[in-house]
Amino acid sequence: MTTPQKIDVALGARSYPILIGDGVARNAAHWAEWAGTRKLAIVTNTVVAPLYADALEQTLGDRQVLRIVLPDGEVHKTLDGVARIIDALVANRFGRDDLLIALGGGVVGDMTGFAAACYQRGMDFIQVPTTLLAQVDSSVGGKTGVNHPGGKNLIGAFHQPRAVFADTALLRTLPPRELRAGLAEVIKYGLICDAEFFAWLEAHADELLALQPAALAHAIRRSCEIKAEIVARDEHERGDRALLNLGHTFGHAIETATGYASWLHGEAVGAGLAMAARMSMHAGWMAEADVTRIERLLHAVGLRASAAPEVDAAAARAAMNLDKKVQRGRLRFILMRGIGRAFVTADWPPEALERTLVAQFG
Ligand code: NAD
Ligand code: GLY
């Protein structure tokens, strides 16, 4: 175990810490501080439970702990899944003062957070994210929810966790493809507002792919710092928080057009980052050399920069009109004036989008 790094998400009375480091979730002192002696339910899934649930229960010691194991996968991120959590809480007489622990990736985290938001009008939960994507993005910021057959994340609530324990030791069992998908979100933070971090990622991509602990801890810390700053400025996404959706408009189009089957969320966001860069270039806002750097870094970490040939431009166009970022008939895009200089705009040249769609989709 190393000394954890601590970042605070500053939201007044709802502020909370993100602890980052090897072994942070196995440290009984952290649980004593943030969970006290409350009755606990660990919500996890069939993949993560056999890997980490016993160890976590051991760390929790004598406390009364219920284990709720959900089926694995995005297709199970539904109201039915949340109902299963709530049924277990009712059956085991959980009250508003008890506490949920989300042990898993973004799917488990989003569902557990939503169950915590709803159960008895709101109870506390702690996030123990086990994927890189969840450690740098979904566990922080309080967006919780589930999918609806009509669209992704259509049902949800803002509900902040009491703490986030981002334990880098848990990433050792992560399939390499999931690690790469998480790196897309890490690259996103450099592109949003930190050119120096982007350059650091270019220099340390190999160490991250090899799960080198110091490199991982640095990448997670800087990503969480950036997310925490943006969330503290704009918790409910009335303005700046939309920057966190860089790459997501194109990414959602890829996911929707492929039926959420063949692309992981992070993989789609990775390609979406390249597309946002190309659109910024076509709009005259970004230099081609920056686009090349972005595409090179995506390729270096094993991600794609284009959706061709699986998704054609017509399918992407159709999917984008359904995107929740449509405002008064005009899509808002997150574009860039250079690496580390993202901005939100509804005022973009239509030909820049058209050129991007034609070139980046099959
Ligand atoms: P995921 O939760 O489906 O996890 C990916 C896979 O890895 C799953 O099969 C999971 O069981 C497995 N897994 C998890 N941890 C593991 C480990 N340590 N070792 C081995 N296998 C492990 O996917 P994800 O990428 O973590 O999250 C994606 C979800 O997060 C999407 O539903 C997306 O909408 C959501 N999301 C939410 C936010 C937010 O702000 N709330 C932000 C980004 C993404
Ligand atoms: N992942 C986008 C957000 O948290 O706002």
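Residues numbered from 1 in each chain as written. Chains lettered and ligands numbered in written order. Predicted model: local features only at pLDDT ≥ 70, side-chain atom pairs only at ≥ 80, totals over all residues. Heavy atoms only, no water.

1. Section: the site of ligand 2
In the vicinity of ligand 2, the contacting residues are Asp 137, Lys 143, Lys 227, Glu 237, Arg 241, Leu 244 and Asn 245. In this structure, Asp 137 approaches ligand 2 through a side-chain N or O atom, which is 3.1 Å from a nitrogen atom. Contacts to ligand 2 include Arg 241, whose side-chain N or O atom sits 2.7 Å from an oxygen atom. Isolated, ligand 2 exposes 200 Å² of accessible area, and the fraction of that covered by the protein chains is 89%. Of the residues assigned to the shell around ligand 2, the class counts are one nonpolar, one polar and five charged. (Near = heavy atom within 4 Å. Polar contact = N/O pair within 3.5 Å; in protein donor to acceptor, adjacent residues only side chain to side chain. Areas by Shrake-Rupley, 256 points an atom, 1.4 Å probe, with all protein chains shown as cover. Nonpolar A, V, L, I, M, F, W, Y, C, P; charged D, E, K, R; others polar.)

2. Digging into the nonpolar core
Counting residues in each nonpolar core, the largest one holds 58 residues, and the members touching the most others are Leu 132, Ile 187, Leu 191, Leu 246, Ile 294 and Met 336. Here this core takes nine residues from helix H8 (residues 213-233), the largest share from any one element. Dropping the residues within four chain positions of it, Leu 191 is found in contact with Phe 198, Leu 246, Leu 273, Ile 294, Met 336, Gly 338, Ile 339, Gly 340, Arg 341 and Ala 342. The next biggest cluster of nonpolar side chains, apart from the first, holds 24 residues, and it includes Phe 250, Trp 263, Met 279 and Ala 313. (Core = buried A, V, L, I, M, F, W, Y, C linked by side-chain atoms within 4.5 Å. Buried < 20%, exposed > 50% of the residue type's maximum accessible area, 1.4 Å probe, protein only. Helix = DSSP H or I, 4+ residues; strand = E, 2+ residues; numbered from the N terminus. Contact = heavy atoms within 4.5 Å.)

3. What about the sheet that holds strand S1 (residues 5-9)?
Strand order in the open sheet made by the seven strands is S1-S2-S9-S6-S5-S3-S4, with mixed pairing throughout. Looking at which strands have only one partner, the edges of the open sheet turn out to be S1 and strand S4 (65-70). Going from strand to strand, the sheet's axes swing by 20° on average, the running direction of each strand aside. Across four bridges, the pairing between strand S2 (residues 16-21) and strand S9 (residues 163-167) is parallel. By the bridge assignment, Ile 18 is partnered in S9 with Val 164. This element, helix H4 (residues 106-118), spans strand S3 (40-45), S4, strand S5 (99-104) and strand S6 (124-129) of the sheet and lies at about 165° to S5. Strands S1, S2 and S9 of the sheet are contacted by H8, whose axis makes an angle of about 15° with S1. (Pairing = 2+ DSSP bridges. Axes fitted to C-alpha atoms, helices over the stretch in contact; angles between N-to-C directions.)

4. Considerations on the site of ligand 1
The environment of ligand 1 is made up of 26 residues, and the closest members are Asp 72, Glu 74, Thr 130, Thr 131 and Thr 173. In this structure, an oxygen atom belonging to ligand 1 sits 3.3 Å away from a side-chain N or O atom of Asn 153. For ligand 1, the protein covers 90% of the area, taking 860 Å² as the surface of the free molecule. At the level of elements, helix H2 (48-60), H4, helix H5 (132-138) and strand S8 (151-158) are the ones that each hand at least two residues to the shell around ligand 1. Split by residue class, the shell around ligand 1 holds nine nonpolar, eight polar and nine charged.

5. Thoughts on the pairing of S9
The element S9 is largely enclosed, with a buried count of five among its five residues. What you see with S9 is no split at all: Ala 163, Phe 165 and Asp 167 on one side and Val 164 and Ala 166 on the other are buried throughout. Bridge count between S6 and S9: two bridges; the pairing is parallel. Bridge pairing in S9 places Gln 127 opposite Val 164.

6. Things to note about the pairing of S8
Both faces of the sheet carry side chains from a regular strand, because those side chains alternate between them. Pairing of strand S7 (residues 143-148) with S8 involves five bridges; the strand directions are antiparallel. If you follow Thr 144 over to S8, its bridge partner there is Ala 157. Between S7 and S8, which pair antiparallel one after the other, the connecting turn spans two residues.

7. Describing the packing of aromatic side chains
Taken as a whole and assessed by the stated rule, the structure comprises five aromatic pairs. Their ring planes at 80° and their centres at 4.7 Å tell us that Trp 31 and Phe 165 sit as a pair that is edge-to-face. Note that Trp 31 is positioned in helix H1 (residues 28-35) and Phe 165 in strand S9, a separation of 134 residues in sequence. Phe 165 gets classed as buried once you look at its relative accessible area, which sits at 0%. Ring geometry for Phe 197 versus Trp 200: centroids 6.1 Å apart, planes at 15°, classification stacked. Here Trp 200 and Phe 197 lie together in helix H7 (residues 195-209), a separation of three residues that amounts to about one turn. For the residue pair Phe 197 and Trp 200, the accessibility class agrees, reading buried in each case. (Phe/Tyr/Trp six-rings, centres within 6.5 Å; stacked < 30°, edge-to-face > 60°.)

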